[in-house]
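Per-entry structural report
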Amino acid sequence: MYELKIVSQFAAAHQLRGFEGGCENLHGHNWKIEVCVAGKALNPAGVLIDFGELKQHLSEIIDMLDHKFLNELEYFNDSYPPSSENIAHYITEALQTKIKDPGIMVSRVTAWESENACATYIPNNI
Ligand SMILES: [Zn+2]
């Protein structure tokens, strides 16, 4: 398996209702997002997927999150709150939909909500 990683970031607000901790009140984070894709076969140029294509897909997803109040977006709700865990899960699903090559799987997405705390989603199909 080859695995590629790209990194991006966005700033947004969220509120985790019923959460007994710092995230219960409305506040913001500068999330750092690490995305990994994996696959077995390289193309004739010797690469798994063009970094430019991968970055373009991710930036389209990040643009939908950046400077938003995440609780108000259509894909989050009270049963799917915008925690770092669910943000990582959402980006995984959204990115996989954009990648047309069936041989390339999103292997993990990590959402850093601070310099020392992150949540990672790992699909179980890889
Ligand atoms: Zn928070």
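Look up: the structure comes first, before these words.
Residues numbered from 1 in each chain as written. Predicted model: local features only at pLDDT ≥ 70, side-chain atom pairs only at ≥ 80, totals over all residues. Heavy atoms only, no water.

This next bit is on the nonpolar core. Of all hydrophobic cores here, the largest spans 31 residues; its most connected members are Ile33, Val37 and Ile91. Mapped by element, the contributors of at least two residues to this core are β1 (2-14), β2 (27-39), α1 (51-65), α2 (84-98) and β3 (105-114). At six residues, α2 tops the list of elements feeding residues into this core. (Core = buried A, V, L, I, M, F, W, Y, C linked by side-chain atoms within 4.5 Å. Buried < 20%, exposed > 50% of the residue type's maximum accessible area, 1.4 Å probe, protein only. Helix = DSSP H or I, 4+ residues; strand = E, 2+ residues; numbered from the N terminus.)

Our next topic: the pairing of strand β4 (residues 117-121). By the bridge criterion, five bridges tie β3 to β4 in an arrangement that is antiparallel. Considered in β4, the bridge of Ser114 is made with Ala117. Where β3 hands over to β4, the hairpin turn is made up of two residues, counted between the paired strands. (Pairing = 2+ DSSP bridges.)

As a further point, take the side chain of His29. Mapped onto the elements, His29 comes out in strand β2. For His29, a relative accessible area of 14% puts it in the buried group. Of note is the side chain of His29, whose polar atom sits 3.1 Å from the side chain of His27. Polar contacts involving the side chain of His29 include one to the main-chain carbonyl oxygen of Glu113, which spans 3.1 Å. Excluding its chain neighbours within four sequence positions, the residues that come into contact with His29 are Phe10, Ala11, Ala12, His14, Cys23 and Glu113. (Polar contact = N/O pair within 3.5 Å; in protein donor to acceptor, adjacent residues only side chain to side chain. Contact = heavy atoms within 4.5 Å.)

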